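These are the residues of each chain, in order.
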Amino acid sequence: MEDLVMTGANVDKAFWRGKRVFLTGHTGFKGSWLSVWLVSMGAHVTGFSLAPNTDPSLFEVLGVEHQIDTSIFGNINDLDALVKAMHASQAEIVIHMAAQPLVRYGYANPLETYTTNVLGTAHVLEAIRQMPYVRAVLVVTTDKCYENKEHGNPFQESDPMGGDDPYSSSKACAEIVTTAYRKSYFTTNQGGGRTAIATARAGNVIGGGDWSLDRLIPDAIRAFNSGEPVVIRNPLAIRPWQHVIEPLSGYLLLLENLFHHGDQFASAWNFGPQDSDTRSVSSVIELMAMRWHRPASWTLIDADQPHEAQLLRLDCGRAHDKLNWYPRWSLEVAIENISTWHRSHHEHGDMLALSLAQIAQHQSHTH
Ligand SMILES: NC(=O)c1ccc[n+]([C@@H]2O[C@H](COP(=O)([O-])OP(=O)(O)OC[C@H]3O[C@@H](n4cnc5c(N)ncnc54)[C@H](O)[C@@H]3O)[C@@H](O)[C@H]2O)c1
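Residues numbered from 1 in each chain as written. Predicted model: local features only at pLDDT ≥ 70, side-chain atom pairs only at ≥ 80, totals over all residues. Heavy atoms only, no water.

Q: So what exactly am I meant to see when it comes to the overall build of the chain here?
A: Tallying secondary structure elements over the chain gives 14 helices and 12 strands in all. Its C-alpha atoms give the chain a radius of gyration of 19 Å, within 12% of the compact-globule value 21 Å for 367 residues. With 367 residues in all, the chain has 57% of them scored as buried. Pairs at least 24 residues apart make up 82% of the contacts formed inside the chain by residues separated by at least 6 positions. Of the roughly 15300 Å² that the chain leaves accessible, carbon and sulfur atoms contribute 51%. If the 28 positive side-chain charges of the chain are averaged to one point and the 39 negative ones to another, these points end up 6 Å apart. (Helix = DSSP H or I, 4+ residues; strand = E, 2+ residues; numbered from the N terminus. Rg over C-alpha atoms; globule rule 2.2 N^0.38 Å. Buried < 20%, exposed > 50% of the residue type's maximum accessible area, 1.4 Å probe, protein only. Contact = heavy atoms within 4.5 Å. Areas by Shrake-Rupley, 256 points an atom, 1.4 Å probe, with all protein chains shown as cover. Lys, Arg positive; Asp, Glu negative; His and termini not counted. Charge placed at Lys NZ, Arg CZ, Asp CG, Glu CD.)

Spelled out as structure tokens, the structure:
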């Protein structure tokens, strides 16, 4: 079947050369990928996050600490430390990705989840208010921020915020806090028009080097390696799966536009996969099993599970039309790349070189 996917715009390397970027969440999965991508384009990155909390961690595997200009282990709710670090970085661009990002952990630890995701976001925005140089800001939330009545229609950016669990609702709150800060302090008629702030809502992100608990791909790889069936909660749940490089390319394109055009782009943006990659958990396990040459067997957790949305789809028409951003890798290609990545890691390959090669391959992808 012919692949009719649009390729869209590439991230502009020349734009990023020499840019001063402050990144929260640089010790995490997405943050580590983004750090090495930014550095490869010549950006000066200051990272501010808690220390990595998985073993192994992508942060350590890629040597992020030695790649970026400054790596700080700190809590985003420590305003003094945040302001000091941001000031020292002289950042022109801030990307806020630090969060408690797990639904089930959020059920068990709601206060920590709200403190990090809501108050933490307010602290980051409060610090930005004090910064003279910041021109473009991206606050990363999630597709789970929408009020989800499971009607099956893809969410548009203008749909109401909601969330039936602590994680999802905390990200909806982060969206609302960001909008309030934008309207109160960062619009031209408030005298603050120099800083343009957007939010980004991505789908279920997968990629090499995610070792978090309670995420499908790392859980599956652990099970394949130990010869056990994959333990899953929700085989029929439908999710918008996308390789980590996809939303990161969207974030970077959006920031370029925010930097150049300001307010025009200062709003919310969806960055989801092609509609055909919004698929069930069980179909992802089957694809992975094929790649890993393992039988696609799974067992269901039988204990009562807290509610998780069954159906989530994103309408990304706005990012297509205004940013010329399109997803480039199908789920099959994403899983092939994850398999290559983890096989190489298993064989003690050069993971930084491979990760950068995957980014380059994504950027040169044509149909
Ligand atoms: N992975 C996904 O599928 C997915 C999907 C949609 C949105 N997101 C969002 O993307 C962002 C990154 O997610 P990830 O998958 O890389 O998660 P991750 O758990 O790998 O990384 C989280 C990062 O946040 C930092 N952090 C957490 N609490 C902090 C605090 N109090 N102070 C400072 N730093 C703190 C951690 O140290 C880490 O660097 C999050 O905002 C998450 O909600 C992720």
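Having seen the model, we can carry on.
Q: So what exactly am I meant to see when it comes to the packing of aromatic side chains here?
A: Here the structure, examined in full by the defined rule, presents 11 aromatic pairs. A centroid spacing of 6.0 Å and a plane angle of 55° characterise the contact between Phe-59 and Phe-73, whose relative ring orientation is tilted. In this pair, Phe-59 sits in helix H3 (residues 58–61) while Phe-73 sits in strand E3 (residues 70–73), placing the two residues 14 residues apart along the sequence. Look at Phe-73 and you get partly exposed, because its relative accessible area is 44%. These aromatic residues form a ring-pair network of at least three members: Phe-15, Trp-16 and Phe-259. Across from the ring centre of Tyr-133, 5.9 Å away, lies the NZ or CZ of Arg-20, which sits over that ring. One Lys or Arg, Arg-129, reaches over the ring of Tyr-185 and ends 3.8 Å from the middle of that ring. (Phe/Tyr/Trp six-rings, centres within 6.5 Å; stacked < 30°, edge-to-face > 60°. Lys NZ or Arg CZ within 6 Å of the ring centre and 35° of its normal.)

Q: Just to check I follow, could you spell out the sheet that holds strand E2 (residues 44–49) for this structure?
A: As summarised here, the arrangement of the 7 strands in space is E3-E2-E1-E4-E5-E6-E10, forming an open sheet in which the pairing is parallel. Looking at strand neighbours, the two that pair on one side only are E3 and strand E10 (268–271), the edges of this open sheet. Recorded for the sheet is a direction-independent mean angle of 15° between the axes of neighbouring strands. Where strand E4 (residues 93–96) and strand E5 (residues 136–140) come together, 4 bridges link them in parallel fashion. Across the sheet, residue Ile-95 finds its bridge partner in E5, namely Leu-138. Each of E5, strand E6 (196–202) and E10 touches helix H8 (residues 166–185); the most contacted strand, E6, lies at about 165° to it. Across the sheet, helix H10 (residues 245–261) is in contact with E4, E5, E6 and E10; its angle to E5 comes to roughly 150°. (Pairing = 2+ DSSP bridges. Axes fitted to C-alpha atoms, helices over the stretch in contact; angles between N-to-C directions.)

Q: How should I be thinking about the packing of H10 against helix H14 (residues 351–363) in this particular structure?
A: In a packed pair of helices, the relevant descriptors are the angle between the two axes and the axis-to-axis distance. Packing of H10 against H14 brings their axes to within 11 Å, and their N-to-C directions diverge by 70°. Relative to H14, the element H10 lies roughly perpendicular. Like other packed secondary-structure pairs, H10 and H14 cross with a definite hand, here right-handed. Only Gln-358, Ile-359, His-362 and Gln-363 of H14 make contact with H10, whose side of the interface consists of Ile-245, Glu-246 and Ser-249. (Parallel < 35°, antiparallel > 145°, perpendicular 65-115°, else oblique. Left-handed = near helix turned anticlockwise from the far one by under 90°.)

Q: Which parts of the structure should I look at to understand the site of the ligand?
A: As a structural note, the neighbourhood of the ligand is formed by 26 residues, with Thr-27, Phe-29, Lys-30, Tyr-167 and Lys-171 the closest of them. The separation between an oxygen atom of the ligand and a polar side-chain atom of Thr-27 is 2.6 Å. The backbone of Ala-99 places a nitrogen or oxygen atom 3.1 Å from an oxygen atom of the ligand. Out of a free accessible area of 830 Å², the ligand has 91% covered by protein chains. Taken together, the elements giving at least two residues each to the shell around the ligand come down to helix H2 (29–40), H8 and strand E7 (204–206). In terms of residue class, the shell around the ligand is built from 11 nonpolar, 12 polar and 3 charged. (Near = heavy atom within 4 Å. Polar contact = N/O pair within 3.5 Å; in protein donor to acceptor, adjacent residues only side chain to side chain. Nonpolar A, V, L, I, M, F, W, Y, C, P; charged D, E, K, R; others polar.)

Q: Sorry, what's going on with the pattern of salt bridges here?
A: Side-chain pairs of opposite charge can arise whenever the charged atoms involved come near each other. Tallied over the entire structure, the rule returns 9 salt bridges. The closest approach of N and O atoms between Arg-20 and Glu-92, which form a salt bridge, is 3.9 Å. Taken together, the residues span a long stretch of sequence, with Arg-20 in strand E1 (residues 20–24) and Glu-92 in the loop between helix H5 (79–89) and E4 at a distance of 72 residues. Given a relative accessible area of 27%, Arg-20 falls into the partly exposed group. In this structure, Glu-147 and Lys-149 form a salt bridge, with 3.7 Å as the shortest nitrogen-oxygen distance. A network of salt bridges, in which partner residues are shared, links Asp-277, Arg-279 and Glu-332. (Salt bridge = Lys/Arg side-chain N within 4 Å of Asp/Glu carboxyl O.)

Q: Where do I start with the sheet that holds strand E11 (residues 278–280) in this structure?
A: Taken in spatial order, the 3 strands of this open sheet run E7-E9-E11, and their pairing is mixed. The outermost strands of the open sheet, each flanked by one partner alone, are E7 and E11. Between one strand axis and the next, the sheet turns through 50° on average, direction left out of account. As paired strands, strand E9 (residues 238–243) and E11 are joined by 3 bridges and run antiparallel to one another. Opposite Ile-238, over in E11, you have Ser-280 as the bridge partner. The sheet contacts of H10 involve E7 and E9, and relative to E9 the element is tilted by about 70°.

Nothing here speaks to function; it is geometry throughout.
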